[in-house]
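Analysis of the macromolecular model
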Amino acid sequence: MTRPRASISVELGAIRHNVEVLARLVAPSALMVVVKADGYGHGMVPVAHAARQAGAPWLGVATIDEALQLRRGGDSGRVLCWLTVPGEDYDTALREDLDVTAYSAAELDEIAAAAERTGIAARVQLKVDTGLSRGGSPTAVWPDLVEEARRLETAGLVRITGIWSHFATSDEPDHPASDAQQKVFDEALDVAFDAGLRPELRHLANSAAAILRPGARYDLVRCGIAAYGLDPAPGRTPDLGLVPAMSVVTQLAMVKPLRAGDSVSYGHTWTADRDTTVGLVPVGYAEGIPRHAGNRAHVWVAGKRRPVRGRVCMDQFVVDLDGDLPEAGEQVLVFGPGTAGEPTAQDWAEASETISYEIVARIGGRMSLLHVDSGEVG
Ligand SMILES: *Cc1c(COP(=O)(O)O)cnc(C)c1O
């Protein structure tokens, strides 16, 4: 049997475990597992399936295309999508039984037109901008949006199933912006209620807020990163026993000695200060390995952490084996759950001055994505 040159291995038992932990934590609020961006790089359809097995009543994605991919993958449960552009194919979204989000009256009117064409009342959630200043209705026009929604609801074209918003600073529990946003959210809910809307769901919290702000859980929380076992607020999150699901595994393409004074990789940014040995790792920034991690990150080879030496290239990078001479073909764990001492996605994030979200979402390129299932993990 040939071993893959390099692969992303995703433990579905870890996903199920994490979803169960989060669902228990936030009950009686419901859990939406966010599987956008190919399940944060973990493979959207298998992750979605694992999340449903663990009891997730809702899945969340950014685009309608992603939601349709879930349907093609056999998912028939509630799915919310929230990022559309003018001219989107709402007819298909309604036929495929999706909940869609509207940020504006124009969007709502497009959705209502699709409802008229298809004869299917659209399930719509309204998003209010409570201070992130990204998507969502500005509060100044929120009363108008709510009035329009109520008018379309009365006409039988839409049913408002949710009202929601998104935090800017939920990973900083003491940041005053979260309190301010929650207050604006409560006011927006009052406006909607007064206009006659009775959404089944009010939701505001992502992973960090779901864990750190029990008062922001409302009817449902939207968890992405924590479902993958990564820490949404490193250093601030209590230990919930979440298990990172992704490991990146490859093998040494070559091992060789270097002499003191030899310099490594483009730009010669690292020079050996002693005789040593190095290994060639056959993945690079085309696989999503951050170039910024050159001379900073580590991998796990033959029972030790090994520092990256020199720049990360498009296809490969070099690690210091410190005199050890494993054979070519020796396993390299780029990152994993950390249980054996190997670096984690969080370690790579810190080495690259980014967040673990970006590390897992960008990983891919020529690597194969493999799903394993060892039963309950954690
Ligand atoms: C991506 C996303 C989430 C999930 O955030 P996490 O921090 O990964 O839990 C929740 N809500 C919205 C609107 C998102 O775009």
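Procedures and definitions
- Residues numbered from 1 in each chain as written.
- Predicted model: local features only at pLDDT ≥ 70, side-chain atom pairs only at ≥ 80, totals over all residues.
- Heavy atoms only, no water.
- Core = buried A, V, L, I, M, F, W, Y, C linked by side-chain atoms within 4.5 Å.
- Buried < 20%, exposed > 50% of the residue type's maximum accessible area, 1.4 Å probe, protein only.
- Helix = DSSP H or I, 4+ residues; strand = E, 2+ residues; numbered from the N terminus.
- Domains from an automatic or database assignment.
- Axes fitted to C-alpha atoms, helices over the stretch in contact; angles between N-to-C directions.
- Left-handed = near helix turned anticlockwise from the far one by under 90°.
- Contact = heavy atoms within 4.5 Å.
- Nonpolar A, V, L, I, M, F, W, Y, C, P; charged D, E, K, R; others polar.
- Expected span 1.5 Å × (residues − 1).
- Polar contact = N/O pair within 3.5 Å; in protein donor to acceptor, adjacent residues only side chain to side chain.
- Buried area = accessible area lost by both parts, 1.4 Å probe.
- Salt bridge = Lys/Arg side-chain N within 4 Å of Asp/Glu carboxyl O.
- Near = heavy atom within 4 Å.
- Areas by Shrake-Rupley, 256 points an atom, 1.4 Å probe, with all protein chains shown as cover.

A word on the nonpolar core
- V124, L126, F317, F335 and W348 are the most contacted members of the largest nonpolar core, which totals 114 residues.
- The leading source of residues in this core is helix 1 (residues 12-26), at 7 residues.
- For this core, the domains that each give at least three residues are domain 1 (12-227) and domain 2 (246-372).
- Counting residues in each nonpolar core, the second largest holds 6 residues, with L258, V264, W270 and V278 among its members.

Re the packing of helix 7 (residues 142-154) against helix 8 (residues 176-194)
- Closest axis-to-axis distance for the helix 7/helix 8 pair is 9 Å, and the angle between their directions is 35°. Pair helix 7 / helix 8 crosses with right-handed handedness. In contact with W142, P143 and V146 of helix 7, helix 8 contributes A188, V191 and A192.
- Along the lines of polarity and charge, the residues of the contact of helix 7 with helix 8 split into 6 nonpolar, no polar and no charged.

Section: helix 1
- In this model, helix 1 (15 residues) spans 21 Å end to end at C-alpha, consistent with the 21 Å of a helix rising 1.5 Å per residue.
- With 11 of 15 residues buried, helix 1 is to be regarded as a mostly interior element.
- Buried residues belonging to helix 1 abut strand 1 (6-11), strand 2 (30-34), helix 3 (44-53), helix 9 (207-212), strand 9 (220-223) and strand 19 (368-372).
- Between the side-chain oxygen of the N-cap and the backbone nitrogen of G13 there are 2.8 Å, and the N-cap of helix 1 in question is E11.

Some thoughts on the domain arrangement of the chain
- Taken domain by domain, the chain consists of domain 1 (12-227) and domain 2 (246-372).
- Just the C-alpha atoms count here: the centres of domain 1 and domain 2 sit 38 Å apart.
- Counting residues at the interface gives 9 residues for domain 1, matched by 8 residues for domain 2.
- Both faces combined, the contact of domain 1 with domain 2 buries some 780 Å², and carbon together with sulfur accounts for 65% of it.
- Counting the surface domain 1 buries against domain 2, the share from its top three residues, Y40, H42 and I225, is 55%.
- Applying the counting criterion to the domain 1 and domain 2 interface returns 0 salt bridges.

Here's the deal with the pattern of salt bridges
- Under the definition given, this model contains 26 salt bridges.
- Among the ionic pairs, R259 bridges to D275, the shortest N-O distance being 3.7 Å. With R259 in the loop between strand 11 (254-258) and strand 12 (263-264) and D275 in the loop between strand 13 (270-271) and strand 14 (276-281), the pair connects residues that are 16 residues apart, well separated along the chain.
- Taking relative accessible area as the criterion, R259 reaches 57% and is therefore assigned exposed.
- Within this structure, R78, D97, D99, R123 and E200 form a network of salt bridges that share partners.

Some remarks on the site of the ligand
- Every one of the 14 residues lining the ligand counts as a neighbour, but K36, Y40, S207, I225 and Y357 are closest to it.
- The separation between an oxygen atom of the ligand and a polar side-chain atom of N206 is 3.3 Å.
- A distance of 2.8 Å separates an oxygen atom of the ligand from a polar atom in the backbone of G224.
- When the free accessible area of the ligand is taken as 390 Å², the share hidden by the protein chains comes to 94%.
- Class assignment for the residues of the shell around the ligand results in 7 nonpolar, 4 polar and 3 charged.

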